Amino acid sequence: MADYKPSSLSYEEMLFTIRQGLRPTQLPKKIIVAGAGMAGLVAASLLKKAGHSVTILEANDRIGGRVYTLRYPFVDDLYLDVGAMRIPNTHHLVLAYLEKFRLPINEFKNTTPQDLIYANGIKTNLRTYWQNPDILKYPVAPHEKGKTAEELLLSAIKPVIDFIQQDPLNNWPVVLKRFDSYSMGDFLRYNPVGASLSPGALEMVEVIIDLEGFLELAFTSILREFLPLLNLNMSYYEVEGGNDRLPKAFIPYLKEDILLGHRMTKIRHHNDGKVTIRATQTTSLRQLEFTADLAIVTVPFSVLSIIDIEPRHTFSHNKYKAIRELHYASSTKIGLQFTHRFWEKEGLRGGKLITDMPIRFAYYPSHLIGSSGSGIILASYTWEDDTLPWDSLPESSRIRHALDNLATVHGNSIYDAFLTGASQSWAHDRFTGGGAFSLFKPSQQTELFPYIYAPEGSVHFAGDHTSTLPAWMEGAIQSGIRVAHEINDLPRR
């Protein structure tokens, strides 16, 4: 779906930048990049190649940010992507970098007709549900019977989609202006343009499409972020060997420029236009200062909110408002490893389990299908309020409860096949500030977005939250390219 962009760069221009780089600068500058996630790595690599001097400060002991592949405590060289896990075939910037670095990819089977559903105590599969949606016994209104959750949702939002598709570039801003004040729940309950959903239909949509926990967020934000996931014709990919191979591919070129374990604590503007970043080494607690012509801040606003800004007035009122108010959604994943791939004997080769149990969604691995040996199931993938029961538990309890939920669907024999497990709560991750990705609340896209990516003096901003595709690697890369173009030919101060 088209969206307005924070720069005039076309996708063709961004793809050209990935393949050919920026124009060599005539005004080389010293640049500090805060954050070694995808946005920071992209911006730093482009600017270094153009002739600038870059230093990347990263608080964590690894690069990649929320592109995170967990390998321990799993065995047999297996892994689980607990951050970014799938790449839509429409995300051409990510695919261009994978091609540039010659990284092999596998198909990520996001959904299959064999996907299991376990809801209201009823076990079925997606193909059967498509043929008879009433099998799950949701108390829908008479006129809603015989319709799937996807059909019900699309019937409610079809007038908006049709309007956008008539002229995406011009009509999307109209939709924002008219509907950005609606939450997703209010739009579906009190539909201003189409069919409203009954409470039973809304419940089925929440469970089957996983909108539970998102209904209080902005209708326009959910429309933009999650509708593509409903497209059964869309293809998805994953990097063979783990998605963290993509950020790691930048290391050979940037390894001399990355300082791990350096947490930014202060941004100070100077009268001559230069900027200083103060950082604390996370092991020694030693404080260091780095002064440069420009800084690029890629950390989430939830992290930036506790960074000292000196002088305070060097950031605008609207920037502070955006930093304070931008909403971050939580996300928690739990992975379980088993001695053998029992799910494949049940006909599950990739795809997922949809359930109203606390695990909510499970994903069966798309790689190594048909192989012998052990395998890892993403046993629970939860968002927003659905993460709360898990985030309150210690690691061992998360693993046990996720295993119990899976046993309800697959039978008690899976206990004997269980090897080990691990989880990642992005709300509890000390480097993300309490969330996995930004999603707007009602009216925030209209009120905040223009100020999220706007530079403040010598400080520029990148990160998926500054893009039109938050929560995706594509958005982070988009923002890294945008900010690199933004500052490449700026004069030294």
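Computed from a predicted model, the values in this text were never measured in an experiment.

Engineer: Teacher, can you tell me more about helix α18 (residues 444-452) here?
Structural biologist: The periodicity of an α-helix, 3.6 residues per turn, causes residues three or four places apart in sequence to face the same way. Buried within α18 are the following residues: Gln 444, Gln 445, Leu 448, Phe 449 and Ile 452. All buried residues of α18 lie within an arc of 110° about the axis, which places them on one face of the element.

Engineer: When you look at the side chain of Thr 220 in this model, what are you seeing that I'm missing?
Structural biologist: With respect to the helices and strands, the residue Thr 220 is situated in helix α9 (residues 219-226). Only 2.6 Å separates the side chain of Thr 220 from the side chain of Asp 180, close enough to count as a polar contact. Not counting the four nearest positions on each side in its chain, Thr 220 is found in contact with Trp 172, Val 175, Leu 176, Phe 179, Asp 180 and Gln 445.

Engineer: I'm lost on helix α5 (residues 149-166) in this one. Help?
Structural biologist: For α5, spanning 18 residues, the distance from its first C-alpha to its last is 25 Å, which sits close to the expected 26 Å at 1.5 Å a residue. Its axis deflected by about 60° at Ile 157, α5 carries its strongest bend there, up to four residues before the proline Pro 159.

Engineer: Where do I start with unusual backbone geometry in this structure?
Structural biologist: With glycine set apart, most residues show a phi of negative sign, and most peptide bonds adopt trans. The amide bond that connects Tyr 72 to the next residue, Pro 73, takes the cis arrangement and shows omega of 15°. Considering the arrangement of structural elements, one finds Pro 73 in the loop between β3 (69-70) and β4 (80-81). Cis geometry is found at the peptide bond from Glu 310 to Pro 311, where omega equals -20°. Note on placement: Pro 311 falls in the loop between β15 (308-310) and α13 (317-325). Positioned with a positive phi, Asn 120 is a non-glycine residue whose angle comes to about 55°. Counting through the fold element by element, Asn 120 comes out in the loop between β7 (116-119) and β8 (122-125). In the Ramachandran plot, Asp 210 falls in the positive-phi region, its phi being about 70° despite a non-glycine side chain. When you line up the elements, Asp 210 lands in the loop between α8 (199-209) and α9.

Engineer: Got a minute to help me understand the sheet that holds strand β11 (residues 262-269) in this structure?
Structural biologist: To summarise the sheet geometry, strands pair through backbone hydrogen bonds and adopt either a parallel or an antiparallel arrangement. If you walk across this open sheet you meet the 4 strands as β13-β12-β11-β15, and the pairing is mixed. For this open sheet the edge positions go to β13 (287-292) and β15, each flanked by a neighbour on one side alone. Mean inter-strand twist for the sheet, computed between neighbouring axes without regard to direction, equals 25°. Two strands pair when backbone bridges link them, and strand β12 (residues 275-281) and β13 are joined in this way by 6 bridges, in the antiparallel orientation. Across the sheet, the residue bridging to Thr 280 is Gln 287, located in β13.

Engineer: So what exactly am I meant to see when it comes to the UniProt feature "binding site: substrate" (unreviewed entry) in the chain here?
Structural biologist: The residues that UniProt annotates with the feature "binding site: substrate" (unreviewed entry) are Arg 86. Within the secondary structure, Arg 86 sits in the loop between β4 and β5 (87-88). At 2.5 Å, the side chain of Arg 86 and the side chain of Asn 110 are in polar contact.

Engineer: Where do I start with empty space enclosed by the protein in this structure?
Structural biologist: Rolled over the atoms, a probe as big as a water molecule pinpoints where empty space is left. One pass over the full model with this rule turns up 5 cavities of 30 Å³ or more. Looking at the largest cavity, its volume works out to about 870 Å³. Taken together, 50 residues line the largest cavity, and the ones lying closest to its centre are Gly 65, Arg 66, Val 67, Ala 436 and Asp 464. Of all the elements in the fold, those that place two or more residues in the lining of the largest cavity are α2 (38-50), β2 (53-58), α9, β11, β17 (331-338), β20 (375-383) and α19 (473-488). When the residues that make up the lining of the largest cavity are grouped by side-chain class, the tally is 27 nonpolar, 13 polar and 10 charged. Computed from the structure, the second largest cavity encloses a volume of approximately 170 Å³. Every residue lining the second largest cavity is counted, 14 residues in all, and those nearest its centre are Leu 80, Phe 108, Glu 238, Pro 365 and His 367.

Engineer: So what exactly am I meant to see when it comes to the domain arrangement of the chain here?
Structural biologist: Accessible area lost during the coming together of the parts is what is often quoted as the interface size. Annotation of the chain at the domain level lists domain 1 (11-62 + 260-328 + 453-489), domain 2 (69-110 + 331-425) and domain 3 (134-230). The straight-line distance from the C-alpha centre of domain 1 to that of domain 3 is 36 Å. Across the boundary between the two partners, domain 1 contributes 6 residues, which contact 4 residues of domain 3. Note on domain 1 versus domain 3: buried area summed over both sides is about 370 Å², and carbon and sulfur give 55% of it. Contact with domain 3 buries area across many residues of domain 1, yet His 327, Pro 470 and Trp 472 alone supply 73% of it, more than any other trio. Summed over the shared surface of domain 1 and domain 3, the result is 0 salt bridges. Residue classes in the side of domain 1 that touches domain 3 are distributed as 4 nonpolar, 2 polar and no charged.

About the thresholds
- Residues numbered from 1 in each chain as written.
- Predicted model: local features only at pLDDT ≥ 70, side-chain atom pairs only at ≥ 80, totals over all residues.
- Heavy atoms only, no water.
- Buried < 20%, exposed > 50% of the residue type's maximum accessible area, 1.4 Å probe, protein only.
- Helix = DSSP H or I, 4+ residues; strand = E, 2+ residues; numbered from the N terminus.
- Arc of directions from axis to C-beta.
- Polar contact = N/O pair within 3.5 Å; in protein donor to acceptor, adjacent residues only side chain to side chain.
- Contact = heavy atoms within 4.5 Å.
- Expected span 1.5 Å × (residues − 1).
- Bend = angle between axes of the 7 residues up to and from the residue.
- Pairing = 2+ DSSP bridges.
- Axes fitted to C-alpha atoms, helices over the stretch in contact; angles between N-to-C directions.
- UniProt positions renumbered as here; feature names shortened; annotations may be inferred.
- 1 Å grid on protein atoms, 1.4 Å probe; cavity = no way out; pocket = protein on both sides within 12 Å on 5 of 7 lines; lining within 4 Å.
- Points joined across faces, edges and corners; volume = space filled by probe spheres on them.
- Nonpolar A, V, L, I, M, F, W, Y, C, P; charged D, E, K, R; others polar.
- Domains from an automatic or database assignment.
- Buried area = accessible area lost by both parts, 1.4 Å probe.
- Salt bridge = Lys/Arg side-chain N within 4 Å of Asp/Glu carboxyl O.

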